[in-house]
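Coordinate inspection notes
Residues per chain, in single letters:
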Amino acid sequence: MALLEVHDIGISFGGLRAVDDFQISIEKGQLYGLIGPNGAGKTTVFNILTGVYTPDKGTILLDGQNITGKNTMEINRAGIARTFQNIRLFHLLSVLDNVKIGLHNQMQYSTLTGVLRLPRYYQVEKEMNERAMELLHVFELDDVADYQATNLPYGKQRKLEIARAMATNPKLLLLDEPAAGMNPNETKELMETIHFVREKFDMTILLIEHDMKLVSGICEQLTVLNFGQILCQGKTADVLHDPEVIKAYLGE
Amino acid sequence: MAKVSLKRLQKGKTGEKGSRDKFITLLLVVAVYGIVQLLVKTGHVSSLIQGLLVPMCVYSLVAIGLNLCVGFLGELSLGHAGFMCVGAFTGAFVSKVLRDSIGNDLVLFLVALLAGVAMAALFGFLIAIPVLRLKGDYLAIVTLAFGEIIKNIINVLYIAKDSNGYHAAFSDAKSMQLDEESTVWLINGAKGINRIANLSNFTIGIVLILLALIIVYNLVDSRSGRAIMAIRDNRIAAESVGLPITQYKLMTFTLSAAIAGAGGVLYAHNLSTVTATPTNFGYNMSILILVFVVLGGIGSLRGSMIAAVLLTLLPEVLRGMKDYRMLIYSIVLIAMMLFNWAPKSIAFRKQLAAKWKKQKTQEEA
Ligand SMILES: Nc1ncnc2c1ncn2[C@@H]1O[C@H](COP(=O)(O)OP(=O)(O)OP(=O)(O)O)[C@@H](O)[C@H]1O
Ligand SMILES: [Mg+2]
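Residues numbered from 1 in each chain as written. Chains lettered and ligands numbered in written order. Predicted model: local features only at pLDDT ≥ 70, side-chain atom pairs only at ≥ 80, totals over all residues. Heavy atoms only, no water.

If you tally the helices and strands in chain A, you get ten helices and ten strands. For 252 residues, the compact-globule estimate of 2.2 N^0.38 gives 18 Å, and the C-alpha radius of gyration of chain A, at 19 Å, lies within 12% of that figure. Seen through its principal axes, chain A has C-alpha atoms that stretch 60 × 40 × 35 Å. For chain A, buried positions account for 56% of its 252 residues. Sequence-distant contacts in chain A: of pairs separated by 6 or more residues, those separated by 24 or more amount to 66%. Carbon together with sulfur atoms contributes 50% to the accessible area of chain A, which is approximately 10900 Å² in total. A gap of 4 Å separates the mean positions of the 24 positive and 32 negative side-chain charges of chain A. (Helix = DSSP H or I, 4+ residues; strand = E, 2+ residues; numbered from the N terminus. Rg over C-alpha atoms; globule rule 2.2 N^0.38 Å. Buried < 20%, exposed > 50% of the residue type's maximum accessible area, 1.4 Å probe, protein only. Contact = heavy atoms within 4.5 Å. Areas by Shrake-Rupley, 256 points an atom, 1.4 Å probe, with all protein chains shown as cover. Lys, Arg positive; Asp, Glu negative; His and termini not counted. Charge placed at Lys NZ, Arg CZ, Asp CG, Glu CD.)

The following block contains the structure:
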């Protein structure tokens, strides 16, 4: 059984069928690419997978568990974490706090423990700080841990979003155009980081990307969306040589 | 819900992030207390100002409560005078009923405080349940309406005790058919509650402020506080990392209302009679408290308190200058606004702070 099994999900906005008959099967440990032109419905797929939208049909199974119709919080707790196409950080909080918020459900103590500053508060906070710093180290953000998130340069903000998502200890990581707005150098570095994360944490990743070349470099499987429909699905090499795909992309 | 634009307001503001900064605020409160006590003892404080000491504590408390809601939760409330009102009447009612059975003033006040705080918290919770689940400007509107409704309800609420026991009526006092001889009014409609025990004093006010500060500071700098601020900064991202949004919003709003309720209890026991009028518990008061919070700096408890104190003192100090009073008051408002929020002034203060820091490190070296 694959880690993520999606059967025939779909959703409409008004008269627009934004996604239809979408299916995907992602094995544990895979780095999977979701590509397609502007407005194809890629982000909408992410929003359905994470419970922002409820699909009007189809089912989503994560690790055998049916998560269709659950809300965003429950789905994160079930094991899906994501980043956003337009960065959504806790911008007034520090870089460290952003990651610690990701750890919220991993390391717990009650509100009262916090207000009364019971010993458990100090103990858990210390563990949280250590764990968060470890994660920040992976993303080379440990030296800016006390910066306000909003003051980070763009590339680092994107990395911080991934670090925060990783802090929730997900089974599946969804990255929505992580390289958007980055220069070629930053992009290359980011792709290396993603690759590294996958190796180090044995993470399963579904990645949205605009740029064909970029995904073909690191993803072993691809799904191509066009006007809400799956145009082509399979091994990267096969997809790239598919005449339909070539047509859709050259026709742009 | 009404998101206060923190991005704009907090730019360049440090708020009170560091634990040292928070400690300084606490120290400041204690220092002010000490100095004021000294001045009072040596007879340097006019009776006019002495009469303002408790009200200043009251407004500081309510402003701290509101700042938790506006600054940390990021939700606008225009009904905190309503929670203050609930606290005031509940507290005064309880202390009046129990006055004969509890001899010790402090104990009596504590019981009244607990009751007032609990009732304000309950109201905060009940208001928040339907409203916080929705999106949009509902909270601001509903809290505004709540404050007005509470005030009006209390104006038509009658509770009295006579030889036959307790009686209560809504809008029609005659229906209680009281035995006039032995009647003791507990709440007499628009006349409110009279003959309240004078249990509040400056010391109790300061202790309550310190307590509220410690609770809010500790909350903000904890797992739950981070969650609250995460929800404020980006609700969608907060959901995506598995935070229970509704739960934290309810909790924070309830606590915020409870602190305002404590302010109300303190307020009531400083008066012999408490009535619910537009000036003390109407939306004017809610907005005045919001002014304290915004002027003092959203998210800065110290700022809220300073604004509350200054703006309470000012009209009284200026009383002699009749015609110019409101003019000066407005000028001070504008000046404070500029000092706190103008980009140039923020830059200037930053520069000063940096300079000061540098000097200090040089001295230390
Ligand atoms: N909440 C919504 N309400 C109405 N229409 C929507 C909504 N969300 C998405 N759409 C529409 O659905 C279609 C797919 O949008 P989506 O954001 O999923 O595209 P995308 O593949 O992520 O595009 P891009 O590469 O530009 O990010 C678009 O036509 C978009 O306008
Ligand atoms: Mg998109």
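Residues and elements named next belong to chain A. Applying the stated rule across the entire model yields one cavity of 30 Å³ or more. Roughly 30 Å³ of volume is contained in the largest cavity. As for the largest cavity, its lining consists of Ile48, Gly51, Tyr53, Thr54, Pro55, Ile60, Ile67, Thr68, Gly69, Lys70 and Ile75. Class assignment for the residues of the lining of the largest cavity results in six nonpolar, four polar and one charged. (1 Å grid on protein atoms, 1.4 Å probe; cavity = no way out; pocket = protein on both sides within 12 Å on 5 of 7 lines; lining within 4 Å. Points joined across faces, edges and corners; volume = space filled by probe spheres on them. Nonpolar A, V, L, I, M, F, W, Y, C, P; charged D, E, K, R; others polar.)

Looking now at the site of ligand 1. All names here are of chain A. Around ligand 1, a shell composed of 15 residues is seen, among which Lys42, Thr43, Thr44, Tyr53 and Gln85 lie nearest. The separation between an oxygen atom of ligand 1 and a polar side-chain atom of Lys42 is 2.8 Å. Residue Thr43 places a side-chain N or O atom 2.7 Å away from an oxygen atom belonging to ligand 1. Expressed as a share of its isolated accessible area of 640 Å², the protein-covered part of ligand 1 is 64%. Element by element, the count of residues in the shell around ligand 1 is highest for helix α1 (residues 42–49), at three residues. Within the shell around ligand 1, the residues separate by chemical class into six nonpolar, seven polar and two charged. (Near = heavy atom within 4 Å. Polar contact = N/O pair within 3.5 Å; in protein donor to acceptor, adjacent residues only side chain to side chain.)

Attention shifts here to the packing of helix α12 (residues 283–296) of chain B against helix α13 (residues 301–317) of chain B. Residues and elements named next belong to chain B. Packing of α12 against α13 brings their axes to within 7 Å, and their N-to-C directions diverge by 125°. Overall, the two elements α12 and α13 adopt an arrangement that is oblique. In this structure, α12 meets α13 at a crossing whose hand is right-handed. Here Val291, Phe292, Val293, Leu295 and Gly296 of α12 come into contact with α13, specifically with Gly303, Ser304, Ala307, Ala308, Leu311 and Thr312. Grouping the constituent residues of the contact of α12 with α13 by class yields seven nonpolar, four polar and no charged. (Axes fitted to C-alpha atoms, helices over the stretch in contact; angles between N-to-C directions. Parallel < 35°, antiparallel > 145°, perpendicular 65-115°, else oblique. Left-handed = near helix turned anticlockwise from the far one by under 90°.)

This paragraph deals with the side chain of Ser256(B). Assignment of secondary structure puts Ser256(B) in helix α10 (residues 245–268). Residue contacts for Ser256(B): discarding those within four places in its chain leaves Gly65(B), Leu66(B), Leu68(B), Cys69(B) and His80(B).

Mapped onto the elements, Lys151(B) comes out in helix α6 (residues 138–155). Filtering out sequence-adjacent residues up to four positions away, Lys151(B) remains in contact with Ala276(B), Thr277(B), Pro278(B), Phe281(B) and Gly282(B).

Now for the coordination of the magnesium ion (ligand 2). All names here are of chain A. For the magnesium ion (ligand 2), every protein donor is listed as Thr43 (OG1) and Gln85 (OE1), and the spread of their distances is 1.9 to 2.1 Å. On the criterion of sequence distance, the pair formed by Thr43 in helix α1 and Gln85 in the loop between β6 (80–82) and α3 (95–102) is long-range, its members being 42 residues apart. Taking relative accessible area as the criterion, Gln85 reaches 32% and is therefore assigned partly exposed. (Donors = N, O, S within 2.8 Å, 3.2 Å for Na, K, Ca; no water.)

Attention now moves to the interface of chain B and chain A. On the chain A side, the residues contacting the 30 residues of chain B number 31 residues. With both chains or domains summed, chain B and chain A bury close to 2700 Å², and 59% of this area falls on carbon and sulfur atoms. Together, Arg223(B), Arg226(B) and Val241(B) form the three largest contributors to the area buried by chain B at its contact with chain A, with a combined 28%. For the pair chain B and chain A, the interface holds two salt bridges. Put simply, Glu125(A) and Arg226(B) hold a salt bridge, and the shortest N to O gap is 2.9 Å. Connecting chain B to chain A are 17 residue pairs in polar contact (both at pLDDT 80 or more). Elements with a minimum of two residues in the side of chain B that touches chain A: α1 (6–10), α7 (202–220), α8 (223–233), α9 (235–240) and α10 of chain B. (Buried area = accessible area lost by both parts, 1.4 Å probe. Salt bridge = Lys/Arg side-chain N within 4 Å of Asp/Glu carboxyl O.)

For the structure shown, the criterion picks out 21 salt bridges over all chains. Lys151(B) serves as the salt-bridge partner of Glu148(B), at 2.9 Å between the closest nitrogen and oxygen. Placement of both Glu148(B) and Lys151(B) in helix α6 is noted, with a separation of three residues, approximately one turn of the helix. Exposure class is identical for Glu148(B) and Lys151(B). Each is buried. Linked through salt bridges whose partners overlap, the residues forming this network are Arg17(A), Asp20(A), Asp21(A), Asp56(A) and Lys57(A).

In short, the description is geometric, and any link to function would need to be established separately.
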